[in-house]
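Descriptive analysis of the structure
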Amino acid sequence: MTVLTGSLPAAHPKAAGLTSDAPLIAAYEGRTPAHRPVWFMRQAGRSLPEYLAAREGTAMLDACLTPELASEITLQPVRRYGVDAAIFFSDIVVPMKVAGVGVEIAPGVGPVFDRPIRTMADVDALPDLGVAADRGAFDSGLDKIRQAVELTVAELGNTPLIGFAGAPFTLAAYMVEGKPSRDHLAARELMFTAPDVWDALTTWTATAAGLFLRAQVMAGASAVQLFDSWAGSLSVEDYVAHCAPGSALALNYVADLPVPRVHFAANGGHLLPAMADAGATVLGVDYRTPLDEANAMLGGRFPLQGNINPALLPAPADMLEAHVTDVLRRGAEAPGHVVNLGHGVPPHTNPDSLQRIVDLVHVNG
């Protein structure tokens, strides 16, 4: 694995001191924040009426690749809720779209590829990602991402922006299936029947995700999150053999930069120690694993992020408050804790529920 050496630009919000002591960064780095920070996965969109208005008539990937619109959507939940971080508005397949892979987001379906990737010839035919130093076509295509990040951090001030990418396993699983799947059986079969093809494909997706993360950081993101939708379907043994190397490669693209690296896998409580070994500095925990148990599994070595159950967002106020209070109590056992959902914001969520959580965390956290 190539070891990168670099530093943040002098004008970067973290290097310039704007975000270095923000509550989110302090908690991510295991320091004592001014208050318990909170943000929500998938907060930039879906449930916000202002998001629906901004997106009207614009396809998902077009929105992600329109710098002014992507920036506006990223900023909306910070303005509305007063959360402690913005998460860059994107989609996991944006790096592939930028690279030239034929993919679209079909409304009500999800990512749909022109053709599935299942042989070594298919992998060899994928676009050349190049390297940043050579200003390859992929790197040049990331200029729209850099512009969106720059526009966003200029408005955020001392609120950190979190860079975002889908994890290599999930990206590869979608590419093998060619579309969303309930069990990603074709991808898991390829892991065992053609491990050389699987390894080559996850190396490609890891490189795309890693360069995508690095572009966001160098443009102004103060932390990153690698999001794995489907790794939780794997056993620990299979994760270590067939998934962790890709995550490690992706995270390595920003490991030389002084920014926290969050790794989250849905339904991945059993994978937390292995995920930590893949290069994360912060572990996201879904709602199925209590935070105090996650902290014990990790030997108290890592700040944690999570893990309010999204199903409780429409619950009566006293029930939701009791649950959030329990999450705060359990999270306090970790070296640092950033409050979040144990997955993303459901599309039908009432924004008032999220505002209630933010206010509760900031007062009692």
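Residues numbered from 1 in each chain as written. Predicted model: local features only at pLDDT ≥ 70, side-chain atom pairs only at ≥ 80, totals over all residues. Heavy atoms only, no water.

**Some details on the sheet that holds strand S7 (residues 282-284)**
The strands making up a sheet associate through hydrogen bonds between their backbones, and the pairing can be parallel or antiparallel. Applied cut-off: Paired strands are those between which DSSP finds at least two bridges. In this description a helix means any DSSP run of H or I spanning at least four residues, a strand means any run of E spanning at least two, and both kinds are numbered starting from the N terminus.
Taken together, the 7 strands give an open sheet; going across it, the order is S1-S4-S5-S6-S7-S8-S9, and neighbouring strands pair in parallel fashion. With one partner strand each, in any of the chains shown, strand S1 (86-87) and strand S9 (337-341) form the two edges of the open sheet. Two strands pair when backbone bridges link them, and strand S5 (residues 223-228) and strand S6 (residues 261-265) are joined in this way by 5 bridges, in the parallel orientation. Counterpart to aspartate 228 in the pairing with S6 is alanine 265.

**As for the pairing of S5**
Note the threshold: With a 1.4 Å probe rolled over the protein chains alone, any residue whose accessible area is under 20% of its type maximum counts as buried; one over 50% counts as exposed, and the rest are partly exposed.
In terms of burial, S5 is largely enclosed, as 6 of its 6 residues are buried. Burial of S5 is two-sided: the residues Ala223, Gln225 and Phe227 facing one way and the residues Val224, Leu226 and Asp228 facing the other way are all buried.

**A word on the nonpolar core**
Applicable threshold: Put simply, buried Ala, Val, Leu, Ile, Met, Phe, Trp, Tyr and Cys residues joined by side-chain atoms within 4.5 Å make one nonpolar core.
Grouped together as the largest cluster of nonpolar side chains are 133 residues, with contacts concentrated most on Trp39 and Tyr239. If you tally residues by element for this core, the top one is helix H11 (residues 195-219), at 13 residues.

**Considerations on helix H17 (residues 351-364)**
Since the α-helix packs 3.6 residues into each turn, any two residues three or four apart lie on the same face. So the rule is basically this: Helices are assigned an expected span. That span is 1.5 Å times one less than the residue count. Side-chain atoms alone can form a polar contact between residues adjacent in sequence; in general such a contact is a pair of N or O atoms within 3.5 Å, and within protein one must be able to donate a hydrogen while the other accepts it.
Compared with the 20 Å implied by 1.5 Å per residue over 14 residues, the 20 Å span of H17 between its first and last C-alpha is a close match. Along H17, the residues that are buried comprise Pro351, Ser353, Leu354, Ile357, Val358, Leu360 and Val361. Two to three positions downstream of the cap, the backbone nitrogen of aspartate 352 sits 2.9 Å from a side-chain oxygen, assigning the N-cap of H17 to asparagine 350.

**As for the packing of aromatic side chains**
To describe a pair of aromatic rings, you give the distance between the ring centres and the angle between the ring planes. Here is the rule: Centre distance within 6.5 Å is the pairing criterion for rings of Phe, Tyr and Trp, where only the six-membered ring of Trp is used; planes under 30 degrees apart are then read as stacked, over 60 as edge-to-face, and the remainder as tilted.
Summed over all chains, the structure comprises 6 aromatic pairs. Aromatic pair phenylalanine 169 and tryptophan 198: ring centres 5.6 Å apart, planes at 65°, arrangement edge-to-face. Pair noted here: phenylalanine 169 is in helix H9 (residues 168-177) and tryptophan 198 is in helix H11, with a separation of 29 residues, a long-range link. The pair formed by phenylalanine 169 and tryptophan 198 is uniform in burial state, with each residue classed as buried. When the centroid spacing of 6.4 Å and the interplanar angle of 75° are considered together, the rings of tyrosine 174 and tryptophan 230 count as edge-to-face. A residue pair is termed long-range when its members are at least 10 positions apart, and tyrosine 174 in helix H9 and tryptophan 230 in the loop between S5 and helix H12 (236-242) qualify at 56 residues. For tryptophan 230, a relative accessible area of 26% translates into the label partly exposed. One aromatic cluster in this structure is built from Phe164, Phe227 and Phe264.

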